[in-house]
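Observations on chain architecture
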Amino acid sequence: MTASRLALRFVALGYLAAILVVPVAFILYKTLEPGPAAVWRSITTPAAVHAFWLTIEVAAIAVPLTTLFGMVCALVLARTRVPGRSVLEALIDLPFAVSPVVIGLALFLLYGREGWLGPTLAEAGIQVIFSVPGIVLATVFVCLPFVVREVTPVLREVGDEAEQAATTLGASPWQTFRRITLPAVRWGLAYGVVLATARAIGEFGAVSVVSGKVSGETETLTLLVEKRFTNFDLAGAYAASGLLAAIALATLLAMTLINRKGAVA
Amino acid sequence: MGTTAVTVPTRRRARPTRRLGGAGALGFGISTLWLSVIVLLPLAALVDRSLHDGLGEFWRDVTARQAVAALRFTILISLAVAVINAVMGVLIAWVLVRDEFPGRRVVNALIDLPFALPTVVAGLTLLALYGDAVAYTKWAVLLALLFVTLPFVVRSVQPVLLALDREMEDAAASLGARPATVFRRIVLPNLTGAIVSGAALAFARAVGEFGSVVLISGNKPFDTQVTAVYAYKQVESDNATGAAAVSVTLLALSLGVLVALRVFERWATRHDR
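Residues numbered from 1 in each chain as written. Chains lettered and ligands numbered in written order. Predicted model: local features only at pLDDT ≥ 70, side-chain atom pairs only at ≥ 80, totals over all residues.

**Concerning the environment of D61 of chain B**
All names here are of chain B. Note on placement: D61 falls in helix α2 (residues 55–62). In this structure the C-alpha to C-alpha distance between D61 and T181, which are 120 residues apart in sequence, comes to 51 Å. When sequence neighbours within four positions are dropped, the list of residues in contact with D61 reads A67, G242, A245 and V246. (Helix = DSSP H or I, 4+ residues; strand = E, 2+ residues; numbered from the N terminus. Contact = placed C-beta atoms within 7 Å.)

**A short note on the confidence of the model for chain B**
Close reading of the predicted structure is inappropriate where its pLDDT is low. Residue and element names in this part refer to chain B. Per-residue confidence for chain B averages 85 on the pLDDT scale, and 91% of its residues sit at or above 70. The secondary-structure element of chain B with the lowest mean pLDDT is helix α6 (residues 119–134), recorded at 85, while helix α3 (residues 65–98) shows the highest, at 93. Scoring the predicted complex yields pTM 0.88 and, for the interface, ipTM 0.87. (pLDDT = per-residue confidence, 0-100.)

**Some details on the interface of chain A and chain B**
Counting residues at the interface gives 73 residues for chain A, matched by 72 residues for chain B. The element best represented in the side of chain A that touches chain B is helix α1 (residues 2–32) of chain A, accounting for 17 residues.

**As for the packing of α3 of chain B against helix α7 (residues 138–163) of chain B**
When two helices pack together, you describe them by how their axes are tilted relative to each other and by the distance separating the axes. Residues and elements named next belong to chain B. Contact geometry for α3 and α7: axes closest at 7 Å, N-to-C directions at 45°. It follows that α3 is oblique to α7 by the angle criterion. The way α3 lies across α7 gives a crossing that is right-handed. Of the residues in the contact of α3 with α7, the class split is 22 nonpolar, 5 polar and no charged. (Axes fitted to C-alpha atoms, helices over the stretch in contact; angles between N-to-C directions. Parallel < 35°, antiparallel > 145°, perpendicular 65-115°, else oblique. Left-handed = near helix turned anticlockwise from the far one by under 90°. Nonpolar A, V, L, I, M, F, W, Y, C, P; charged D, E, K, R; others polar.)

**Focus: the environment of T152 of chain A**
Residues and elements named next belong to chain A. For T152, the position within the fold is in helix α9 (residues 145–158). The sequence separation of T152 and Y29 amounts to 123 residues, and the corresponding C-alpha distance is 40 Å. The residues touching T152, leaving out its near neighbours within four places in the chain, are A74, L77 and A78.

**Observations regarding unusual backbone geometry**
Not every positive phi belongs to a glycine, and F130 of chain A is a case in point at roughly 60°. Within the fold, F130 of chain A resides in the loop between α7 (118–123) and α8 (132–143). One non-glycine residue, Y136 of chain B, lies in the positive phi region at around 65°. Its place among the elements puts Y136 of chain B in the loop between α6 and α7.

**Side note on the domain arrangement of chain B**
All names here are of chain B. When the domains of chain B are assigned, the result is domain 1 (21–50) and domain 2 (54–268). The C-alpha centroid of domain 2 is placed 28 Å from the C-alpha centroid of domain 1. If you look at the interface, domain 1 gives 5 residues, while domain 2 gives 8 residues. Classifying every residue of the side of domain 1 that touches domain 2 gives 3 nonpolar, 1 polar and 1 charged. (Domains from an automatic or database assignment.)

Shown next, in the form of C-alpha cells:
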C-alpha cells in the first residue's frame, strides 16, 4: 500500500517536474544567465519599453470591459429566466474553443481592408487592423468568458434570499447590488479578473494576426519575444520571456491567495 | 455496474425565482449585443469570406494535400494529448487530494501555471530546455500541447474527488476488494464525467493551439505542421480566403466538441434533474 502510494506520488510529481517545473525554472535561469545588467538593458530598449506599455494599455482597456460585461452577463444567467438564456450561456464559452489564429483572422476579415466594415471605417479615418484598436478587440474576444465563468456559479451558489430581503426592506436595485450582491461574489470576481488579466497580457496568436507587428507601434511583449527569437536574439527573447514568466508567477500567487480567501469567506 | 454506480450527490443549484423584469431584459439585451459584436460578427465575416469564391473553391482549399495532412496530424496529436493528460490528470488529482506530502499546496498552485504563462513563452521554454533533441519534431509538438493542456483534467477531476464519499470505498475494502478493484469499480465510475469533460476541453484547446507550437514545431509541411499554423501561414502569404476555409473547419471541429460535451453533460446529469 505505502509502496504503491509512493510510486503514484513519484509518477505524478515526476510528470509535473518534466513538463512544468523544470522548463519554467530553466527559462528563469536562462534569463538571468547573462547577468542582471544585461537583462536590464535588454528589457529597457525603446522597443521593449514600448511593448511593455502597449501590453499594459491593452490590458487596461480590455479587462475593465470584460469585467463589466461579465458582471452583467452573470447576473442575467443566474438571476433571470429570459428565453434564450441557455443559448447565451452556450455561446459564452465559444472564445475558449476557438483557435487564436481563427479569432485574429475573423477580426481581420471584419475590420480589415477587404472586410465587411473595413472600407467604411477607413473612410471615417479609423484604422482597426494593424493598429491598437484591433489588438484591443482581439484581447476582448479571448478574455470574454473569464469573468462570467467565475461569477455565475458563485451567484447561483449564494442564492438570492439576501437580495430579496434587502429589496423588501426598501433598498433600491443599485443599493442591493452594491451592498449585497457585489460583496457576495467579490472573490469569484477577483479570480475572474486575475485570469482575464493574465490572458490579456499573454495573448499571442490572435494579436499576432491583427497587429502588423510594427516595432515601437503595435508590438506587444509576446510579439517581441517571437520577433527576437526569429532574429536569433536569444538572450533578448529570454529576457522578455522572463519578464512575462514573472508576471505569470505573480498571477499564480494572486490566484492562490484569492482562492484561500474565497474558501475562508 | 454501469447504471447502479453510486454517483456523487450534486447540490441542487438555487433556482432563480425572482424576475428582474425590465432590468433583466435590459441586461440580456446588453449581453447579447456585446457577444454579437465582439464574437459572432467577426466569425460571421470569417464564414462569409471562406465561401467568397464558391463552395467548390472552399472544398478545394480544405482538401488541399497540405491542409489535409495538417488537419490529420492536428487531430491525431490532440487525441493523444487528451488521452495522456486524462490519465496523468487523474493521477495528479489523486495525489493532490488523497496523498500527504510536504509542498503539496505549492504543487497544487503550480498546476495553473500553463493558464497563466503566455503560450509563446511556454514554447520558447520547452525549446530552450529540450532543444536539439526534440526541436522541430512531432515530439516537440506533443510536449508543447501536453504543457498547455495540463490543467484541464486535473482541475475538473479534483473537486469531484474531494467531494467523493470515502465510506463507499471503505465499504468495498471491508468486503474484500483490493485497492485496484476499489479504484476501478467505485472511484473511476464517479470520475468519468469529470474526466470526459476535462479531456474534451483539453482536446478542443490542443486542436486550436498556436502560440506554444509555432516556434517549436518548425512548421514542416506533411510532418510537424498543425492546422492553426498552416492557417496563419496562409494569411501571411495573402491567401485570406484559403485561410478562412481552413479556419472554418477548425471552428467547426471545436464547436462540435463543445456541443458534444454539452450533450454528454446533460445525459450524465439526467438523474439529477
